[in-house]
Amino acid sequence: MATELRLPTTNIVLPDKDRFLDEHNPFEAMMSRFDRAAELLDLDPGIYKILRNPEKQLTVSIPVHMDNGDVEVFTGYRVQYNTSRGPAKGGIRFDMQVNLEEVKALAAWMTWKCAVVNLPFGGAKGGVICDPSNLSVGELERLTRRYTSNIISLLGPDTDVPAPDVNTNERVMAWVMDTYSMHMRHTASAVVTGKPLELGGSAGRKEATGRGCMIVTREALKELGMPVRGTTVAVQGFGNVGSTAAMLLEREGARITAISDRTGGVHNPQGIDVTAAIEYVRRNRDLDGFAGGDPITNDELLTLSVDVLLPAAMENVITSRNAPKLQAKIICEGANGPTTAAADAILDEKGIFVVPDILANAGGVTVSYFEWVQNRGGYYWTEETVNTRLEEIMTRSFTDVRALARQHKVNMRTAAYMLAISRVSTVHKLRGIYA
Ligand code: NAD
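Residues numbered from 1 in each chain as written. Predicted model: local features only at pLDDT ≥ 70, side-chain atom pairs only at ≥ 80, totals over all residues. Heavy atoms only, no water.

Visitor: Help me understand helix H8 (residues 274–284), please; the structure alone is not making it clear to me.
Guide: Given 3.6 residues per helical turn, the α-helix brings residues three or four places apart onto the same face. Along H8, the residues classified as buried are Val274, Ala277 and Val281. Projection of H8 onto a plane perpendicular to its axis shows the buried side chains occupying an angular sector of 60 degrees, all on one side. What points out from H8, more than 90 degrees from its buried face, is the exposed set Thr275, Arg282 and Arg283. Among the structural elements, helix H7 (240–251) and strand S7 (255–261) are those in contact with the buried residues of H8. Two or three places before Thr275, at the start of H8, stands the capping residue Asp273, its side-chain oxygen 3.2 Å from that residue's backbone nitrogen. Taken from the residues just after H8, Arg285 is the one with a positive phi, measuring 80 degrees. (Buried < 20%, exposed > 50% of the residue type's maximum accessible area, 1.4 Å probe, protein only. Helix = DSSP H or I, 4+ residues; strand = E, 2+ residues; numbered from the N terminus. Arc of directions from axis to C-beta. Contact = heavy atoms within 4.5 Å. Polar contact = N/O pair within 3.5 Å; in protein donor to acceptor, adjacent residues only side chain to side chain.)

Okay, structure coming up:
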């Protein structure tokens, strides 16, 4: 997984079909898929222009008192891509690779994702350039609170509702919620999702993205006439999404033959004991030293001979360089943007069935929506109710996208974008342009 592949930010230009496509710029990757779907939908030119641009983007400097007495200044972003269907919704990422192009792409993906599963939300994303593994708990709390305070004019249960993403978790969401509540002078649970249960979090939220991946993988296997039992699966990224998806697929009878994280991975054709791996990571922070199989690199994992490949780490890991070597029959995109646009065509040629990110990992935002609904109603559901409703939404959305793909003879990714863009476009048409 190549950090060196990330390029500096560029300005958006209106599309020129022959322009050079930067394979590793996530915003460009998102836009090239958007353009294709817009063309097939014969999208109204005015709406096309609106949807190619984020509504709002904020860059903030975040001064933090470090434990050693120094002051460090971090850079953070919040981008609201589109709010036509409801409050902006999207996670906050703490990572050294965060940059504005990435945050914009992730905010756009949130817009399409919420529309694919038909939630009354728009899309947003936030990020801070930092390495949380080098910060003490106190430093992380001060950073989170000052970032929240600096973007507070955007936040609110009716305007913009963050959630966890890479390197942020329930504890970080609790600090966001408390900081916002202190500013507003009242407790505002619905300003953020992915909170601890005691603060109004939803049962089932932590597992929701991985559960959604399991559900759509099961649907994709059904589509290809393959049983879940005995299916072999390789999972890249063993954090919230990857480890939960691996555990739930194992429970359904699949054999997880490879897992990895930022420290590398393990391969065991007999099947990895996922529960033991999760316990190992809980104790040791990462998979480094886990003895459940032979060591394997992240690149090797992607090209293993497995039925299902589940990238659940970062963007741009499946590229035109390694796509020809992939052997999986199904790719379930747990991560956001794991496949570059240039790789799409190669995967199509190879006949690999791709469940695209905006559908595959929508389980998280779906249960975030349930959490927001529960906070606003002040009435809480059982985990069984949450999981049943999640299952309904994920299977219905898979069926909707599959039907559109058949109707237009396009792949699942293009169909998912077409469904999302047509839903967002309909709302824009109904609302008109305020002048
Ligand atoms: P996480 O921080 O819990 O886990 C990330 C995992 O990826 C870790 O195991 C980490 O070691 C690994 N990783 C990081 N860099 C890597 C690299 N260069 N090579 C290999 N592995 C690497 O994050 P998460 O919440 O599981 O998110 C993973 C992906 O899923 C991200 O793309 C995120 O945007 C997406 N996603 C998350 C959610 C959610 O609810 N958490 C929802 C939708 C999409």
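Visitor: Could you clarify how one ought to interpret the packing of helix H1 (residues 26–41) against helix H14 (residues 412–431) in this entry?
Guide: When two helices pack together, their arrangement is given by the angle between their axes and by how far apart the axes lie. Where H1 meets H14, the axes come as close as 9 Å, and the angle between the chain directions of the two elements is 70 degrees. With respect to each other, H1 and H14 are oriented roughly perpendicular. Touching Met30, Arg33, Phe34, Arg36, Ala37, Ala38, Leu40 and Leu41 of H1 are Arg413, Thr414, Tyr417, Met418, Ile421 and Ser422, all from H14. Its residues placed into classes, the contact of H1 with H14 shows 9 nonpolar, 2 polar and 3 charged. (Axes fitted to C-alpha atoms, helices over the stretch in contact; angles between N-to-C directions. Parallel < 35°, antiparallel > 145°, perpendicular 65-115°, else oblique. Nonpolar A, V, L, I, M, F, W, Y, C, P; charged D, E, K, R; others polar.)

Visitor: It is not clear to me how the pairing of strand S1 (residues 56–65) should be interpreted in this structure. Could you clarify?
Guide: Taken residue by residue, a regular strand's side chains alternate between the two faces of the sheet. In the sheet, S1 pairs with strand S2 (residues 71–82) via 10 bridges, with the strands oriented antiparallel. Counterpart to His65 in the pairing with S2 is Val71. In sequence, S1 turns back onto S2 through a hairpin of 5 residues, with Gly69 there showing a positive phi of about 95 degrees. (Pairing = 2+ DSSP bridges.)

Visitor: What's the story with the domain arrangement of the protein chain in this structure? I'm lost.
Guide: How big an interface is tends to be stated in terms of the accessible area lost upon association of its parts. Assigned domains within the protein chain: domain 1 (3–51), domain 2 (56–187) and domain 3 (208–360). Here the C-alpha centre of domain 3 lies 27 Å away from the C-alpha centre of domain 2. Carbon and sulfur atoms make up 55% of the area that domain 2 and domain 3 hide from each other, which totals about 960 Å². Our count for the contact surface shared by domain 2 and domain 3 stands at 1 salt bridge. The salt bridge partner of Glu315 is Arg93, with a shortest N-O separation of 2.9 Å. (Domains from an automatic or database assignment. Buried area = accessible area lost by both parts, 1.4 Å probe. Salt bridge = Lys/Arg side-chain N within 4 Å of Asp/Glu carboxyl O.)

Visitor: Mind showing me how you'd approach the packing of aromatic side chains here?
Guide: For any two aromatic rings, the description comes down to two numbers: the centre-to-centre distance and the angle of the planes. Taken as a whole, this structure holds 11 aromatic pairs when the rule is applied. Here the aromatic cluster, defined as three or more aromatic residues joined through ring pairs, consists of Phe27, Phe34, Tyr48, Tyr81 and Trp112. For Lys104, the ring lying beneath its charged end belongs to Phe27, and the centroid distance is 4.7 Å. Seen from the ring of Trp381, Arg389 lies directly overhead, with NZ or CZ sitting 4.3 Å from the centre. (Phe/Tyr/Trp six-rings, centres within 6.5 Å; stacked < 30°, edge-to-face > 60°. Lys NZ or Arg CZ within 6 Å of the ring centre and 35° of its normal.)

Visitor: I keep staring at the sheet that holds strand S11 (residues 330–332) and nothing clicks. Help me out?
Guide: By definition, the strands of a sheet pair up through backbone hydrogen bonds, in either a parallel or an antiparallel sense. With mixed pairing, 7 strands are arranged side by side in an open sheet as S9-S8-S7-S6-S10-S11-S12. Two strands in the sheet have a free side with no partner beyond their single neighbour: strand S9 (294–296) and strand S12 (353–355). Taking the axes of each pair of neighbouring strands and ignoring which way they run, one obtains an average angle of 20 degrees across the sheet. Relative to S9, strand S8 (residues 264–267) runs antiparallel, the two sharing 3 bridges. The residue of S9 that forms the bridge with His267 is Asp294.

Visitor: What's the story with the sheet that holds strand S3 (residues 88–94) in this structure? I'm lost.
Guide: With mixed pairing, 5 strands are arranged side by side in an open sheet as S1-S2-S4-S3-S5. Each of the sheet's edge strands pairs with one partner strand only, and the pair in question is S1 and strand S5 (160–164). The mean angle between the axes of side-by-side strands here comes to 20 degrees, regardless of whether they run parallel or antiparallel.

Visitor: Help me understand the environment of Ile259 in this model?
Guide: Among the structural elements, Ile259 can be located in strand S7. In this structure Ile259 comes out as buried when scored by relative accessible area, which is 0%. For Ile259 and Gly237, which are 22 residues apart along the polypeptide, the C-alpha to C-alpha distance reads 7.1 Å. In this structure Ile259 touches Val235, Phe238, Gly265, Val266, Ile272, Ala277, Leu287, Phe290 and Leu301, once residues within four positions along its chain are discounted.

Visitor: It is not clear to me how the pairing of S8 should be interpreted in this structure. Could you clarify?
Guide: Pairing of S7 with S8, which is carried by 4 bridges, proceeds in the antiparallel orientation. Bridged to Ser260 within S8 is Gly265. Linking two consecutive strands that pair antiparallel, namely S7 and S8, is a turn of 2 residues.

Visitor: Just checking my understanding: could you explain the nonpolar core for this structure?
Guide: One recurring pattern in soluble globular proteins is that nonpolar side chains are buried together. Formed by 91 residues in total, the largest nonpolar core has its most connected members in Met30, Phe34, Trp112 and Ile259. For this core, the element with the highest residue contribution is helix H3 (residues 100–116), accounting for 11 residues. When near neighbours in sequence (up to four residues on either side) are disregarded, Phe34 contacts Leu43, Tyr48, Leu51, Arg52, Trp112, Tyr417 and Ile421. Membership of the second largest hydrophobic core comes to 25 residues, among which are Val128, Leu135, Ile151 and Met177. (Core = buried A, V, L, I, M, F, W, Y, C linked by side-chain atoms within 4.5 Å.)

Visitor: Which parts of the structure should I look at to understand the side chain of Gln236?
Guide: Counting through the fold element by element, Gln236 comes out in strand S6 (residues 232–236). Of the residues examined, Gln236 reaches a relative accessible area of 1% and is grouped as buried. Within the structure, Gln236 has its side chain in polar contact with the side chain of Asn298 (distance 3.0 Å).

Visitor: Mind showing me how you'd approach helix H6 (residues 205–223) here?
Guide: Along its 19 residues, H6 runs 27 Å from first to last C-alpha, staying within 8% of the 27 Å computed at 1.5 Å per residue. The largest bend in H6 is about 25 degrees, located at Arg211. Gly225 occupies a position one or two residues after H6 and carries a positive phi of about 70 degrees. (Expected span 1.5 Å × (residues − 1). Bend = angle between axes of the 7 residues up to and from the residue.)

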